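# Examination of the molecular architecture
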Amino acid sequence: MQKVIISDTSCIILLDKIGELKLLHTLFGQVNVTKEIADEFKKDLPDWFTIVNPINKTYQKILEASLDKGESSAIAFAIEQKDCLLIIDDYKGRKYAEQLGIKITGTLGVIIYAKLSGHFESVKPLLERIKMTNFRLTPELERRTLEKSGEV
C-alpha cells in the first residue's frame, strides 16, 4: 500500500453521489486533496481528508495548460511524493500522471479493490448506482470492472 493517497475531485464526487464516500477512509485511512480539489467538491470534507498543496507551483501551472486546476494540483502534489497513489478518472489526466511515473487508479479501481478486500460481496449494485449519475460508464468499462472483480 502506498504511503500517500491523493484523490482527484471526480472520485470524491462520484462516491459521494452513490453514498460510498466513507469507502476511501475504510480502505486508505487518511486521504489527501489539494485546496483546488476541496473547492471543486463544494461541500465540507470529512476530517479524514487532509488538504495539501504542492510545494513547487511550477508543475501545477505547466499542467494547467492542458488539465483543469484540480487535476493539475493533484498531479503536481503527486510528483513531489516518494510513494503515492493518485485516484484520478479523467483520461487525459491519467495519461499525464502515467507519463510522469505516478501510480494511478480510478474510482472503479477503488471499488474493485474494495470488493477484492472483502468490503462488498458484489460490485454490481454499486455499478447500478453509478449508472444513475452522470459518470460515463461504458458497457466495456462495466464489463472490465466486473471481470476484474471476479464477477464474470
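Since the model is a prediction, treat every value here as computed from it, not as a measurement. Along every chain, residues carry numbers that run from 1 in the direction the sequence is written. pLDDT decides what is reported in this predicted model: residues at 70 or higher carry local features, side-chain atom pairs at 80 or more are listed and counted, and totals for whole chains, interfaces and linings draw on all residues regardless. To get the side-chain values, take all heavy atoms of the structure and skip hydrogens and water.

Each helix and strand counted, the chain has nine helices and five strands in total. Working definition: helices are DSSP H or I runs of at least four residues, strands are E runs of at least two. Numbering for both runs from the N terminus. In the chain, the order of α-helices and β-strands from amino to carboxyl end is β-α-α-β-α-β-α-α-β-α-β-α-α-α. Our radius of gyration looks at C-alpha atoms and nothing else; its globule reference is 2.2 Å times the residue count to the power 0.38. The C-alpha atoms of the chain give a radius of gyration of 15 Å, which matches the 15 Å a tight globule of 152 residues would have. By principal-axis analysis of the C-alpha atoms, the chain measures approximately 45 × 30 × 30 Å. Think of it in three bands: residues with accessible area under 20% of the maximum for their type are buried, residues over 50% are exposed, and the middle band is partly exposed, with areas taken using a 1.4 Å probe on protein chains only. Taking all 152 residues of the chain together, the buried fraction comes to 48%. Looking at the chain alone, contacts between residues at least 24 apart form 55% of all its contacts between residues at least 6 apart. When checking whether two residues touch, look at their non-hydrogen atoms; a contact exists if any pair is within 4.5 Å.

Here we take up the packing of helix H8 (residues 124-131) against helix H9 (residues 139-148). Only the contacting stretch of a helix is used when fitting its axis, a line to C-alpha atoms as for every element, and angles between N-to-C directions run 0 to 180 degrees. The interhelical angle for the contact between H8 and H9, taken along N-to-C directions, is 160°, at an axis separation of 11 Å. Between H8 and H9, the angle is such that the two are roughly antiparallel. Along this stretch, H8 crosses H9, giving a crossing that reads as right-handed. Residues Lys124, Leu127, Glu128 and Lys131 of H8 touch H9, and the partners they reach there are Glu142, Thr145 and Leu146. Comment on the angle field: the value is read as roughly parallel under 35 degrees, roughly antiparallel over 145, roughly perpendicular from 65 to 115, and oblique elsewhere. For a crossing to be left-handed, the near helix must be turned anticlockwise from the far one by less than a right angle; the clockwise case is right-handed.

Right, let's talk about unusual backbone geometry for a bit. In the Ramachandran plot, lysine 42 falls in the positive-phi region, its phi being about 65° despite a non-glycine side chain. Within the secondary structure layout, lysine 42 lies in the loop between helix H3 (35-41) and strand S3 (49-52).

Before going further, it helps to examine the pairing of strand S2 (residues 31-34). The side chains of a regular strand alternate, residue by residue, between the two faces of the sheet. Every second residue of S2 is oriented toward a common face, with Val31 and Val33 on one face and Asn32 and Thr34 on the other, all of them buried. Pairing of S2 with S3 involves four bridges; the strand directions are parallel. Bridge pairing links asparagine 32 to threonine 50 in S3. We treat two strands as partners when DSSP finds at least two bridges between them.

Attention now goes to the side chain of glutamate 151. Its place among the elements puts glutamate 151 in the segment after H9. Polar contact is defined as a pair of N or O atoms within 3.5 Å, subject to the rule that within protein one atom must be able to donate a hydrogen and the other to accept it, and that residues adjacent in sequence are counted only when both atoms are side-chain atoms. Side-chain polar atoms of glutamate 151 contact the backbone nitrogen of valine 123, separated by 2.6 Å. Setting aside residues up to four positions removed in sequence, glutamate 151 forms contacts with Lys115, Glu121, Ser122, Val123, Lys124 and Leu146.

A few words on the environment of lysine 103. Along the chain, the position of lysine 103 falls in strand S5 (residues 103-105). Here lysine 103 falls in the partly exposed class, since its relative accessible area comes to 46%. Residues lysine 103 and glutamine 2 lie 101 residues apart in sequence; the distance between their C-alpha atoms is 9.1 Å.

Most of helix H7 (residues 107-116) is tucked away: seven of the ten residues are buried. Within H7 the residues assigned to the buried category are Thr107, Leu108, Val110, Ile111, Ile112, Ala114 and Lys115. Those residues of H7 that are buried lie in contact with helix H1 (9-17), helix H2 (22-28), strand S4 (84-87), S5, H8 and H9. At the C-terminal side of H7, glycine 118 shows a positive phi close to 90°.

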